[in-house]
Amino acid sequence: MRTPRTGVAVVVALATLVATSLTTAGVAAGTPRRTTSSTAVAAGFPALPPAKYKTVSSDVAITMDDGAQLGATITFPSRDGKTAAPGRFPVIFSMTPYGRKTLCSCGDPTMYASRGIIAASVDTRGTGGSEGNLDDNYFSPREARDGYELTEYFGTRRYSTGKVGMQGGSYVGITQYLTAEQQPPHLVAIAPQVALADLYRDAFAHGGIPNIFFDAQYIAVQGGPGLVGPGGTSQLPMTVRAKIGQLLGTPIALDFLARPNDDPFYRDRSPYYRANRIKVPVLILDGWRDGFVRGATEMYQALSRRKGVETRLVVDPCTHKGCGGEFAPLTNPPGVDSTSAVQFEFFRHYLLGQSVPKRANVRYYVQAANRYAESSTWPPSSSRDLKFTLQRGALTTKASGRSTASYLTNPLEGLSTPLEDYGTVAASPYVPLDQRLATGQGLTWRTAPLTRATTIAGPTQLHLVAASTATNTDWVAKLSDVAPDGSETLISNGYLRASHRQLDPERSTTASPYHTDTDPTEIVPGRYYAYDIGIWPTAYRLRAGHRLQLRLTSVDLPTHAPASIGLAKGKFGLSVDITPLLPALNTVREGARDGSWLLVTTAG
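Sequence order sets the numbering: in each chain, residues are counted from 1 along the sequence as written. Side-chain atom pairs in this predicted model are given and counted only at pLDDT of 80 or more, local residue features only at pLDDT of at least 70, and totals for whole chains, interfaces and linings cover all residues. Side-chain metrics in this entry use all non-hydrogen atoms of the structure; hydrogen atoms and water are not considered.

A.B. asks: Pulling in residues and values, what's your account of unusual backbone geometry?
C.D. replies: A cis geometry characterises the amide bond from W378 onward to P379, with omega recorded as -10 degrees. Elements are defined by DSSP. Helices are runs of H or I of four residues or more, strands are runs of E of two residues or more, and each kind is numbered from the N terminus. By the secondary structure assignment, P379 is in the loop between β12 (371–375) and β13 (384–391). Backbone torsion omega between L557 and P558 reads 0 degrees, so that peptide bond is classified as cis. Backbone geometry at N370 places phi at a positive 55 degrees, although glycine is not the residue there. Mapping N370 onto the fold places it in the loop between β11 (362–366) and β12. Here the term buried applies to any residue with accessible area under 20% of the maximum for its type, exposed to any over 50%, and partly exposed to those in between, with areas from a 1.4 Å probe on protein chains only. Classification of N370 by relative accessible area gives partly exposed; the value is 38%.

A.B. asks: Would you mind going over the sheet that holds strand β9 (residues 282–289) in detail, with residue names and values included?
C.D. replies: Sheet strands associate in pairs through backbone hydrogen bonding, adopting either a parallel or an antiparallel arrangement. The 10 strands lie next to each other as β1-β2-β4-β3-β5-β6-β9-β10-β11-β12, forming an open sheet whose pairing is mixed. A single partner strand is all that each edge strand has here, and the edge strands are β1 (54–63) and β12. Strand-to-strand twist of the sheet, defined as the mean angle between neighbouring strand axes without regard to direction, takes the value 20 degrees. Paired strands are those between which DSSP finds at least two bridges. Taken together, the 10 bridges between β1 and strand β2 (residues 69–78) define a ladder with antiparallel strand orientation. In the sheet register, V60 faces β2, and the bridge partner there is A72. Of the strands in this sheet, β3 (89–96), β5 (160–169), β6 (187–193) and β9 touch helix α6 (residues 171–181), which is tilted by about 135 degrees from β5. Contacts between residues were defined by any pair of non-hydrogen atoms, one from each residue, lying within 4.5 Å. Helix axes are fitted to C-alpha atoms over the stretch in contact, other axes to C-alpha atoms as well, and angles between N-to-C directions run from 0 to 180 degrees. Where helix α13 (residues 293–303) meets the sheet, it contacts β9, β10 (311–319) and β11, and its direction lies at approximately 150 degrees from that of β9.

A.B. asks: Report on the state of the cysteines, specifying residues and quantitative values.
C.D. replies: Disulfide assignment relies on a single distance test, namely cysteine sulfur atoms paired within 2.5 Å. Applying the stated criterion to the full structure yields 2 disulfides. For the protein chain, the bonded cysteines connect in the pattern 1-2, 3-4 when numbered consecutively along the sequence.

A.B. asks: Describe the nonpolar core, listing the residues and the values that go with them.
C.D. replies: Nonpolar side chains in soluble globular proteins generally cluster together in the buried interior. To form a nonpolar core, buried Ala, Val, Leu, Ile, Met, Phe, Trp, Tyr and Cys residues must be joined to one another through side-chain atoms within 4.5 Å. One finds F93, L150, F154, Y177, I284 and Y364 to be the most contacted residues of the largest nonpolar core, which totals 71 residues. Residues in contact with F154, not counting those within four places in the same chain, are I62, I74, V91, F93, A120, V122, Y159, S160 and V164. L443, L496, Y529 and L550 belong to the second-largest nonpolar core, a separate cluster that totals 31 residues.

A.B. asks: With reference to specific residues and values, describe the packing of helix α5 (residues 141–155) against α6.
C.D. replies: Running from N to C, α5 and α6 cross one another at 80 degrees; their axes reach a closest spacing of 8 Å. Taken together, α5 and α6 sit at an angle that is classed as roughly perpendicular. Taken together, the residues of α6 that come into contact with α5 (itself represented by E143, A144, G147, Y148 and T151) are Y171, T175, L178 and T179. Looking at side-chain class alone, the contact of α5 with α6 contains 4 nonpolar, 4 polar and 1 charged residues. By definition in this entry, angles of less than 35 degrees are roughly parallel, angles greater than 145 are roughly antiparallel, angles of 65 to 115 are roughly perpendicular, and the rest are oblique. Three classes are used, and their members are as follows: Ala, Val, Leu, Ile, Met, Phe, Trp, Tyr, Cys and Pro are nonpolar, Asp, Glu, Lys and Arg are charged, and the others, Gly among them, are polar.

A.B. asks: Pulling in residues and values, what's your account of the confidence of the model for the protein chain?
C.D. replies: In low-pLDDT segments, the atomic positions of the prediction should not be examined closely. Every residue is assigned a pLDDT by the predictor, reflecting its confidence on a scale from 0 to 100. Here the protein chain averages 86 in pLDDT, while 83% of its residues score no lower than 70. Contacts of residues 1–42 to residues separated by more than four positions or lying in other chains number 108 contacts, the stretch itself having pLDDT below 50.

A.B. asks: Describe the environment of S564, and please don't skip the residues or the numbers.
C.D. replies: Here S564 shows up in strand β22 (residues 563–570). With relative accessibility at 36%, the residue S564 sits in the partly exposed group. C-alpha separation for the pair S564 and G208, spaced 356 residues apart in sequence, amounts to 9.3 Å. For S564, the contacting residues outside a window of four places in its chain are R497, D577, I578 and T579.

A.B. asks: Break down helix α14 (residues 339–352) for me, with residues and values.
C.D. replies: For a helix, the expected span equals 1.5 Å multiplied by the number of residues minus one. When the terminal C-alpha atoms of α14 are compared, their 19 Å separation across 14 residues agrees well with the 20 Å that a helix rising 1.5 Å per residue should span. Just downstream of α14 lies G353, where phi reads positive at about 75 degrees.

A.B. asks: Tell me what's going on with the packing of aromatic side chains, and back it up with residues and numbers.
C.D. replies: Aromatic rings from Phe, Tyr and Trp, taking only the six-membered ring of Trp, are treated as a pair when their centres fall within 6.5 Å; an angle between ring planes under 30 degrees marks them as stacked, one over 60 as edge-to-face, and anything in between as tilted. Applying the stated criterion across every chain yields a total of 23 aromatic pairs. Between Y200 and F204, the ring centres sit 6.0 Å apart and the planes meet at 45 degrees, which makes this aromatic pair tilted. Taken together, the residues Y200 and F204, both in helix α7 (residues 199–204) and 4 residues apart, mark about one turn of the helix. Y200 gets classed as buried once you look at its relative accessible area, which sits at 0%. Summarising the aromatic geometry, the rings of F256 and Y266 are spaced 5.7 Å apart at their centres and angled 65 degrees between planes, so their arrangement reads as edge-to-face. Residue F256 is located in helix α11 (residues 252–257), and its partner Y266 is located in helix α12 (residues 264–267); the two are separated by 10 residues in the primary sequence. Y266 carries the same exposure label as F256, and that label is buried. Among the aromatic residues, those joined into a ring-pair cluster are Y112, F344, F346, F347 and Y350. The rule is short: NZ of Lys or CZ of Arg within 6 Å of the ring centre and within 35 degrees of the ring normal puts a charge over the ring. One cation-aromatic arrangement involves R157 over Y153; the distance from NZ or CZ to the ring centre is 4.0 Å. Over the ring of F265 we find R259, and its NZ or CZ is 4.2 Å from the ring centre.

A.B. asks: Tell me what's going on with empty space enclosed by the protein, and back it up with residues and numbers.
C.D. replies: Space inside and on the surface of the protein is sampled on a 1 Å grid over the protein atoms alone, with a cavity defined as a set of points where a 1.4 Å probe fits but cannot get out and a pocket as an open set with protein on both sides within 12 Å along at least 5 of 7 lines; lining residues have an atom within 4 Å of a point. Grid points are joined across faces, edges and corners, and a volume is the space filled by probe spheres set on the points. Evaluated as defined, the whole model comprises 7 cavities of 30 Å³ or more. Forming the boundary of the largest cavity are R201, H206, G207, R294, Y495, P513, Y514, H515, D517, G534 and W536. Grouping the constituent residues of the lining of the largest cavity by class yields 4 nonpolar, 4 polar and 3 charged. What lines the second largest cavity is a set of 12 residues, and nearest its centre among them are L285, V314, D316, D337 and T339. The element contributing the most residues to the lining of the second largest cavity is β10, with 3 residues. In terms of residue class, the lining of the second largest cavity is made up of 6 nonpolar, 2 polar and 4 charged.

A.B. asks: I'd like to hear about the pattern of salt bridges, residue by residue, with values.
C.D. replies: Salt bridge, as used here, is a side-chain nitrogen of Lys or Arg placed within 4 Å of a carboxyl oxygen of Asp or Glu. Scanning the entire structure with this criterion turns up 28 salt bridges. Close ionic contact of R142 with D146 constitutes a salt bridge, the shortest N to O distance being 2.7 Å. On the criterion of helical spacing, the pair formed by R142 and D146 is a turn pair, its members being 4 residues apart in helix α5. The class for R142 is partly exposed, based on a relative accessible area of 24%. Given a relative accessible area of 1%, D146 falls into the buried group. R507 is the partner of D198 in a salt bridge, and the nearest nitrogen-oxygen pair spans 2.8 Å. Separated by 309 residues along the polypeptide, D198 in the loop between β6 and α7 and R507 in the loop between β19 (488–497) and β20 (529–542) bring together distant segments of the chain. A relative accessible area of 8% places R507 in the buried class. Overlapping salt bridges bring together D65, D66, R125, R142, R145, D146 and E149 as one network.

A.B. asks: Summarise the environment of T521; cite the residues concerned and give the values.
C.D. replies: Structurally, T521 can be placed in the loop between β19 and β20. T521 gets classed as partly exposed once you look at its relative accessible area, which sits at 40%. A C-alpha to C-alpha distance of 8.1 Å links T521 and A498, two positions 23 residues apart in sequence. Excluding anything up to four places from it in sequence, T521 contacts A498, S499 and R501. A distance of 3.3 Å separates a polar atom in the side chain of T521 from the backbone oxygen of D519. Residues adjacent in sequence count toward polar contacts only when both atoms are side-chain atoms; beyond that, a polar contact is any pair of N or O atoms within 3.5 Å, and within protein one must be able to donate a hydrogen and the other to accept it.

Set out below in structure tokens:
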């Protein structure tokens, strides 16, 4: 889609919310900070083997099949630190929009090169030192084709053994899936990290509700680091040509705003829909506090159906930016695996041909228990469904007859969660807040104090039977752990706009409903409808004496927009069209008879 350059003002307006924090932080929206851990690894993962080589790097221009040149930096094993070591080595590479010379999100190339694996980072077209621009290009079929071309380039160089892998996080993880779908002959393994599966449902909107924290921070300013990033001093003429082309591009945010509902644009850029085309071994890494974790578990479930091809899922307790540090200052639990060690062991086997220990298909950190658990499947093979009925403020297994409860929508709701999972996907820090800040908002139901510890391990489904005085409203479900001292720790969230209630029967599974999101239909005021709301998967240990809490509200600012957002053509070009949802009285039907219920997946 091409639009007048006046459309840039739309993007600037959308990004205003976070421009100051981006400038101050100096970190690209969407760039994960899940880097090498210097601490000892847990539960049998070996520390990185000692380095055998020094390293040396060089910049090259790689020509794609349409003539566009992409800037790349290749780091080689070296005996003297000045020239590449003789012989052939496997290659691992990353495709990044964040500037290969700046933020990159590509991992540490010297970690691989010093241990006998050539490491390369390549600027995606339209960023860094690569030619082209970002028109329609984010995760596009053209970009996927670039991944194929790059794989075959690295697999056929005189320095290559012909074995090529891919690694990196966030955007750099998504491009791995899209490249693998193209089935390049020399690709042997990928390790996507904190990568979405469905661009519409994991990123742009949750349950049809626009995710403005993501949209403003991630989409509107995503190209910034790559635009300002250098291309390498040895490639100055090419970099000058590249920057001219990049400046002529159209901000990708306009393409998203023009599509408030799911359509082929999103599906062409979503790995989930072509997972069956991925034939290589896959190691998926994510964190329970990452806004893309549902996509990680969904891709694992799709890829694990392959026969005879290794698919593994490792989920730690971290955010998109990692554990601890400036972006998750209050979240740094003990015993977290070193992501670098887990990845390197995987690639040792597939790229270097070395024998490694047999690992569980699924390894996941149980929050609040501060330990890992393992399973052959996700959800765990030992899991069972625990169903609660909502009634008179209680989550109960012994409900009586029908009752109702009502609340007024409140424009101040949501301020207890603005710096949670979905904000930290982009530039903001992760700051878990006590959910007592939301006391009095919406409706709340709790279990009695648990007589024994219970582990949630999987997705949760809220079946909500409700009416509204408005023609459209949002449902925001928050699952929390209530300690004996009254503190409330957020476990996970779920979202659904009433007009997006139509279920997708092919994609929905037990405790994990999905919606078509293609043909929203408003509701009739005063009429009761059944809504199935997916609360995102997690692994969390509720101790004895604690309570499980469900809170239902209808506003989640500033993370989600209580409005429809789109593009409108005006006298001076394009502008954002915002239509707020009207205030409403929402009523929930409770009780065992045709009432609302909560289905929780628990592990033994």
